[in-house]
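# Analysis of the macromolecular model
Here's the letter readout for the chains.
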Amino acid sequence: MTVAAEAAPVTEVRRILDDLLAGEAAGERPRHVVVLAVDGVPYEVARRSWPAARTRRLRSVLPTTSSASWLSSLTGLPVADHRVPGVVFALPEAGGELINVLTYRGPGLEVTGGNVFSDSVRHGYRPVAVLSDLDPFDCSWRDELLRGAETVVGGRFYPVRPHGYRARPAAAVGADVRRAIHEALASYGAAGPCLLWCFVEVDQHIHRHGYDKHVHEVLRGLDDLAVELTAASALVVAYADHGLVPTHRDEHLTASLDDLQQRFGCAMGGAGRIRWFYPAAEDRADLATALTAAAGGQGRVVDTERMLGSGGLLRERVGPVALVAGGPAFLTEPGYRYDHGSDDPAELHVPFSCWGTPAAAPPGGPR
């Protein structure tokens, strides 16, 4: 698959924000910088939904999962360096067991080298993160993601209740985002400029309903909010982690992969539209052949080291053989209609948008 040459990697988000903060800090009256981290929005949808912004295309990481992409964007590190390759993977520090990174609390996920929040402090900005839809994920991954930020808890925009997800009115979501940002700026930005990173998990809705009227109304509401904040002397940017594509649960494939795990005595990791396996070395070729037959044209078997560049320590975490979705029928959660994780262009191409004129436009910055 060929990705457009002009699409810079999502790891560039840290550098772009660093340049924006440097430009603001050099001015007489540095403005607040508000960052909308909008989960699940592809480039084309953002470009249509944010008419007041200047939007450029970025390229997400592989796998196209939130845990990998958000961490790459805030640290500037590719997956091979921060070593969080998705959601479910083997962790030597946990005894080699498979962990779910969104629930795991323990050693092995530490990331060195700073992030967007440490950069903001260097420029005289107070780093603040509005957890919102990250609030339920009390795990080591979230600790690393937001290291150095003061966190604002509570106020979820897309709650998943015990009996499942129920869509909220788009206007209510927008009002809650607006309230959370204004309250955080009032509480944390009174004494000086702050970098405010706010997480909005539209992904929860898209999984179940796709890019429907609700999504477009929420995104247009964020466009209105960004214009409002810009008029009040803030610089506003937004970006996303991945897009989603139509995907439904194939029960026959699900059962076949369960059978193969028992047959080869191996576990399955990954998430969404990419799943990898941990066979014994002598079973690797036979498993790849069996996976190809089981997929029946609905996916392709790949060597994860070739696909992900999983050298060094990452090789210990990712299984060597993966099955990647090739169409809409694959493994996914019951009730999901859209999913992500693979290398479909709609999953890979994400936006970086900017409202307002930066104090000093960075080379290669938003356009």
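Values in this document were obtained by computation on a predicted structure and should not be read as measured data. (Residues numbered from 1 in each chain as written. Predicted model: local features only at pLDDT ≥ 70, side-chain atom pairs only at ≥ 80, totals over all residues. Heavy atoms only, no water.)

So, on to the overall build of the protein. Scanning the protein from terminus to terminus reveals 13 helices and 20 strands. Taken along its principal axes, the extent of the C-alpha atoms in the protein is 65 × 40 × 40 Å. Within the protein, residue pairs in contact and separated by at least 24 positions form 76% of the contacts whose partners lie at least 6 positions apart. On the protein, roughly 14500 Å² of surface is accessible, and the fraction owed to carbon and sulfur atoms is 51%. Both charge centroids of the protein, one from 36 positive and one from 44 negative side chains, sit 5 Å from each other. (Helix = DSSP H or I, 4+ residues; strand = E, 2+ residues; numbered from the N terminus. Contact = heavy atoms within 4.5 Å. Areas by Shrake-Rupley, 256 points an atom, 1.4 Å probe, with all protein chains shown as cover. Lys, Arg positive; Asp, Glu negative; His and termini not counted. Charge placed at Lys NZ, Arg CZ, Asp CG, Glu CD.)

Turning our eyes to something else, we now look at the sheet that holds strand 15 (residues 274-277). Across the sheet, which stays open at both edges, the four strands sit in the order 14-15-17-16 with antiparallel pairing between neighbours. Because the sheet does not close on itself, it has two edges, and the strands there are strand 14 (268-271) and strand 16 (299-303). Strand-to-strand, the axes of this sheet are offset by a mean angle of 25°, without reference to chain direction. Docked against the sheet, helix 11 (residues 284-295) engages strand 15, strand 16 and strand 17 (321-325), running at close to 160° with respect to strand 16. (Pairing = 2+ DSSP bridges. Axes fitted to C-alpha atoms, helices over the stretch in contact; angles between N-to-C directions.)

In this section: the packing of helix 10 (residues 251-264) against helix 11. Following both chains from N to C, one finds helix 10 and helix 11 inclined at 165°, their axes separated by 10 Å at the closest point. Taken as axis vectors, helix 10 and helix 11 run roughly antiparallel relative to one another. By crossing handedness, the relation of helix 10 to helix 11 is classed as right-handed. When helix 10 is examined against helix 11, the residues Leu253, Ser256, Leu257, Leu260, Arg263 and Phe264 are found in contact with a partner set consisting of Asp286, Leu287, Ala290, Leu291, Ala294 and Ala295. (Parallel < 35°, antiparallel > 145°, perpendicular 65-115°, else oblique. Left-handed = near helix turned anticlockwise from the far one by under 90°.)

Attention now goes to helix 11. Compared with the 16 Å implied by 1.5 Å per residue over 12 residues, the 16 Å span of helix 11 between its first and last C-alpha is a close match. Restricting attention to buried positions, one finds in helix 11 the residues Leu287, Ala290, Leu291 and Ala295. The buried residues of helix 11 occupy an angular sector of 130° when the element is viewed end-on, so they sit on one face. Residues of helix 11 that are exposed and angled more than 90 degrees away from the buried face: Ala285, Thr289 and Ala293. Lining the buried residues of helix 11 we find helix 10, strand 15, strand 16 and strand 17. In the stretch just after helix 11, glycine 296 is the one whose phi turns positive, near 55°. (Expected span 1.5 Å × (residues − 1). Buried < 20%, exposed > 50% of the residue type's maximum accessible area, 1.4 Å probe, protein only. Arc of directions from axis to C-beta.)

According to the stated counting rule, one finds 22 salt bridges in the structure shown. Residue glutamate 24 is joined to arginine 31 by a salt bridge in which the shortest nitrogen-to-oxygen separation is 2.5 Å. Arginine 31 shares its class with glutamate 24; the two are buried. Here glutamate 93 and arginine 317 are joined by a salt bridge, their closest N and O atoms 3.8 Å apart. Remark: arginine 317 occurs in the loop between helix 12 (304-308) and strand 17 and glutamate 93 occurs in the loop between strand 4 (88-90) and strand 5 (98-100); sequence separation between them is 224 residues. Taken together, the shared-partner salt bridges in this structure form one network comprising Arg14, Asp18, Asp119 and Arg122. (Salt bridge = Lys/Arg side-chain N within 4 Å of Asp/Glu carboxyl O.)

What follows is about the packing of helix 7 (residues 170-188) against helix 9 (residues 213-231). At a minimum axis separation of 9 Å, helix 7 and helix 9 run at an interaxial angle of 30°. With respect to each other, helix 7 and helix 9 are oriented roughly parallel. Remark: the crossing between helix 7 and helix 9 carries right-handed chirality. Within the contact between the two elements, helix 7 uses Ala170, Val173, Val177, Arg178, Ile181, His182 and Leu185 and helix 9 uses His214, Glu217, Val218, Gly221, Leu222, Asp224, Leu225, Glu228 and Leu229. Here the contact of helix 7 with helix 9 is composed, by residue class, of nine nonpolar, three polar and four charged. (Nonpolar A, V, L, I, M, F, W, Y, C, P; charged D, E, K, R; others polar.)

Note that all results are geometric; they support no functional claim without further evidence.
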